[in-house]
Amino acid sequence: MRAHEAGALHADLGAANGPSWLRTPGDVNALVPMLWPKTVTREHTGEITVGGLSVHTIKQEHGTPAYVFDEADFRARCRAFREAFGGADVYYAGKAFIATHIVRILVEEGLSLDVCTGGELRVALNGGMPPERIGLHGNNKSTAELGRAVAAGVGRIIVDSFDEIARLTEIARETGKKPKVMVRVTVGVEAHTHEYIATAHEDQKFGFSLAGGAAEQAVERILSDGVLDLRGLHSHIGSQIFDSSGFEVSARRILGLQAAIQQKHGTELPELDLGGGFGIAYTTQDSPAEPADLARDLMRIVKQECAALHLSVPHLSVEPGRAIVGPSMFTLYEVGTVKDVDGIRTYVSVDGGMSDNIRPALYDAAYSATIAGRASSEPPILARVVGKHCEAGDIVVKDEFLPADVRAGDLLAVPGTGAYCRSMASNYNHVPRPPVVAVADGVSRVIVRRETEDDLLRLDVG
Ligand SMILES: Cc1ncc(COP(=O)(O)O)c(C=O)c1O
Ligand SMILES: N[C@@H](CCCC[NH3+])C(=O)O
């Protein structure tokens, strides 16, 4: 007997907490479109296909667990952002997920790229991103990283500390180059998101404080030295944000600083970056905005503020990561064990876990899941999908209704794992990291290969 049947449980869970769309036996097979890559469908056989390939074929060719990347979906999202933002530049945030193949697609789709380490810069250049379309971030860029970025001729370096300004000024003097920079401003906005991924409140490591005057001092130092080419101001308020009011406050404050700089120094800064952070749906409880709506709102706010402050509208850029790549992937697992803890819940263990998705453990992030290899007409039961790690907090999906006949050998898919899953993966417990398999037009292709135990042993020099 399964621990909990959905009908009895709904009253306890309440619509706000439970995965409320799964109420009837048929619903366990339903795919809510906003959670899945665009080409995903459930066939009449009951199994899920993506890009024309069935999950069984993907499993046969590549094994599980695997991150499955829907290339057509990713391209469509790149295009949607580029078209929505029209004259503005879209810097895809590589920290969400970067690989050479991804960079090639970004180049083809006309996006620019935000990198935040020398490692990401290396992949960006390897994938053929024109250096002038690369922006380098980071609160502690080393002299070596700055030197490489300047030598490569990156289009912008977003400076984040006085130490960095000094370091970069020295590199510019030594090389005779004039690197283009933006000043990252901490605008003092409390973004409505998990505290670990909010980045614009005062008490934290990123940026120069607006309220404390550090941002203005940073601008003054750059202008008075005259060695760096100050292009504009930058603000990023955090990640997985749904409420546009944070962007509005941020734009108002940063343009206030821009106006103050213009008044004091007579310098009209030509560019403005409002960062990324646009939220996506992980469960049916989330309601993300369309890129066109985001773009319209942001542009309206900037135009209004510029008009009020008598500023020319600067060339705008944004840095979405999650909203582009997040929904383009799902993780395909195989169920290994099913355990009923009587009267509490059913634990469904899969062949991955916190090493391929640390977000539930780190941010209490919610995900959803479905049995991907078949449909079921059994009633739903409340399940917790867990991993294989030696850690009680190794949760993949905290609450989900799965069919009562969920069993070992089932394929299980978790959508929305394109952003910050492979890029934050570890090999905890010496579990090798899964591959990223790109699927398009019925063909699959490994774009990041599976890590092997040999890879891990090679690091262990004995
Ligand atoms: C400076 C900067 N830009 C862009 C991003 C991308 O954020 P998201 O993936 O939420 O769009 C981040 C991450 O939060 C960031 O720190
Ligand atoms: N890693 C975070 C997002 C932070 C992005 C970088 N500032 C997440 O998984 O949600």
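The structure presented is a predicted model; accordingly, all values stated were derived computationally and were not measured.

A. Just the overall build of the protein chain, in detail. A count of helical and extended segments in the protein chain gives 13 helices and 21 strands. At 24 Å, the protein chain has a C-alpha radius of gyration in line with the 23 Å of a compact globule built from 462 residues. Projected onto the principal axes, the alpha-carbon positions of the protein chain cover approximately 75 × 55 × 40 Å. The buried share among the 462 residues of the protein chain stands at 56%. The long-range fraction of contacts in the protein chain, counting pairs at least 24 apart against all pairs at least 6 apart in sequence, stands at 70%. A total accessible area of about 18,500 Å² is found for the protein chain, and carbon and sulfur atoms account for 50% of it.

B. Up close: the site of ligand 1. Around ligand 1, the surrounding shell holds 14 residues, and the nearest of these are His236, Ser239, Gly277, Glu319 and Tyr420. Contact distances for ligand 1 include 2.8 Å between an oxygen atom and a backbone N or O atom of Gly277. If ligand 1 stood free it would expose 390 Å²; the protein chains cover 93% of that surface. Residue classes in the shell around ligand 1 are distributed as three nonpolar, six polar and five charged.

C. The arrangement of the nonpolar core in detail. Judged by nonpolar contacts, the single largest core of 106 residues is most densely connected at Tyr92 and Leu412. In terms of residues, this core owes the most to one element, helix α9 (residues 245-265), which gives seven residues. Excluding anything up to four places from it in sequence, Leu412 contacts Thr331, Leu332, Tyr333, Val335, Val348, Val350, Ala369, Thr370, Ile371, Ala372, Val385 and Leu402. Ranked by size, the runner-up nonpolar core spans 19 residues in total, among them Ile48, Ile58, Val68 and Val437.

D. Molecular detail of the sheet that holds strand β1 (residues 41-42). Taken in spatial order, the three strands of this open sheet run β1-β2-β3, and their pairing is antiparallel. Both outer strands of the open sheet, β1 and β3 (53-54), are each paired with one neighbouring strand and no more.

E. Spatial organisation of the pairing of strand β13 (residues 315-318). For strand β5 (residues 89-93) and β13, the ladder comprises two bridges, and the chain directions are parallel. Each residue of the ladder has a partner; that of Asp89, found in β13, is Ser317. As judged from the three bridges shared by strand β12 (residues 271-273) and β13, these two strands associate in the parallel manner. In the strand pairing of β13, Leu272 is matched with Leu316. Running through helix α10 (residues 291-309), the crossover from β12 to the neighbouring parallel element β13 is right-handed.

F. Local environment of the pattern of salt bridges. Overall, the coordinates contain 27 salt bridges when judged by the stated rule. The partner of Glu109 in a salt bridge is Arg79, with the nearest N and O atoms 2.9 Å apart. One end of the pair, Glu109, is in helix α4 (residues 100-109); the other, Arg79, is in helix α3 (residues 71-84), with 30 residues separating them in the sequence. Put simply, Glu71, Arg75, Arg79, Glu108 and Glu109 are held in one network by salt bridges that share partners.

G. Fine view of helix α8 (residues 214-225). The terminal C-alpha atoms of α8 lie 16 Å apart, and with twelve residues this matches the ideal 16 Å at 1.5 Å per residue to within 8%. What α8 keeps buried is the set Ala214, Ala215, Ala218, Val219 and Ile222. The buried residues of α8 occupy an angular sector of 145 degrees when the element is viewed end-on, so they sit on one face. Immediately beyond the C-terminal end of α8, within one or two residues, lies Gly226, with a positive phi of roughly 65 degrees.

H. The site of ligand 2, seen in detail. Around ligand 2, the neighbouring residues are Lys95, Ile197, Ser239, Arg322, Arg359, Tyr363, Tyr420 and Met424. Contact distances for ligand 2 include 2.6 Å between an oxygen atom and a side-chain N or O atom of Arg322. The separation between an oxygen atom of ligand 2 and a polar side-chain atom of Arg359 is 2.7 Å. Within the complex, 83% of the 310 Å² of free accessible area of ligand 2 lies under protein. Here the shell around ligand 2 is built from residues that sort into four nonpolar, one polar and three charged.

I. Broad picture of the state of the cysteines. Under the counting rule described, the total for this entry stands at zero disulfides. Here Cys78 stays free of any disulfide, with the sulfur of Cys421 as its closest cysteine sulfur at 18 Å. Of the cysteine sulfurs around Cys421, a residue in no disulfide, the closest is that of Cys116, at 16 Å. Look at Cys421 and you get buried, because its relative accessible area is 0%.

J. Quick peek at the packing of aromatic side chains. The tally for this structure, following the rule as stated, stands at eight aromatic pairs. Residues Phe81 and Phe278 carry aromatic rings whose centres are separated by 6.1 Å and whose planes lie at 15 degrees to one another, so their mutual orientation is stacked. Taken together, the positions of Phe81 in helix α3 and Phe278 in the loop between β12 and α10 put the pair 197 residues apart, joining distant regions of the chain. Judged by relative accessible area, which is 2%, Phe81 ranks as buried. Assessed through its relative accessible area of 3%, Phe278 is described here as buried. A centroid spacing of 5.3 Å and a plane angle of 45 degrees characterise the contact between Phe247 and Phe278, whose relative ring orientation is tilted.

Rules and cut-offs
- All residue numbers refer to positions counted from 1 along the written sequence of the respective chain.
- Chains carry letters from A onward and ligands carry numbers from 1 onward, assigned in written order.
- Restriction of local features to residues with pLDDT of at least 70 applies here, the model being predicted, together with a cutoff of 80 or more for giving and counting side-chain atom pairs; totals for whole chains, interfaces and linings are based on all residues.
- Values reported for side chains reflect all heavy atoms of the structure, with hydrogen atoms and water molecules removed beforehand.
- Secondary structure elements follow DSSP: runs of H or I no shorter than four residues count as helices, runs of E no shorter than two count as strands, and numbering proceeds from the N terminus.
- For the radius of gyration, the atoms used are the C-alpha atoms, and the globule rule reads 2.2 Å times the number of residues raised to 0.38.
- Throughout this description, buried means an accessible area under 20% of the type-specific maximum (1.4 Å probe, protein chains only), exposed means over 50%, and partly exposed covers the range between.
- Contact between two residues is taken to exist if any of their heavy atoms lie within 4.5 Å; hydrogens are not considered.
- All accessible areas in this document rest on Shrake-Rupley with a 1.4 Å probe, and a residue is counted as covered only by the protein chains that are shown.
- Note on definitions. A residue lies near a molecule or strand when any single heavy atom of the residue is within 4 Å of it.
- We define a polar contact as two N or O atoms separated by no more than 3.5 Å, with the added condition that, inside protein, one atom must be a possible hydrogen donor and the other a possible acceptor, whereas residues neighbouring each other in sequence contribute only through side-chain atom pairs.
- Amino acids are sorted into nonpolar (Ala, Val, Leu, Ile, Met, Phe, Trp, Tyr, Cys and Pro), charged (Asp, Glu, Lys and Arg) and polar (every other residue, Gly among them).
- Only buried Ala, Val, Leu, Ile, Met, Phe, Trp, Tyr and Cys residues count toward a nonpolar core, and they belong to the same one when joined by side-chain atoms within 4.5 Å.
- Any two strands with at least two DSSP-identified bridges between them are counted as paired.
- By convention a crossover is right-handed if, when the strands point away from the viewer, the path from the first strand over the helix to the second runs clockwise.
- The term salt bridge refers to a pairing of a side-chain nitrogen on Lys or Arg with a carboxyl oxygen on Asp or Glu at a separation within 4 Å.
- How far a helix is expected to stretch is found by multiplying one less than its residue total by 1.5 Å.
- The arc refers to the directions leading from the helix axis to the C-beta atoms.
- The disulfide criterion used throughout: a pair of cysteine sulfur atoms within 2.5 Å.
- Centre distance within 6.5 Å is the pairing criterion for rings of Phe, Tyr and Trp, where only the six-membered ring of Trp is used; planes under 30 degrees apart are then read as stacked, over 60 as edge-to-face, and the remainder as tilted.

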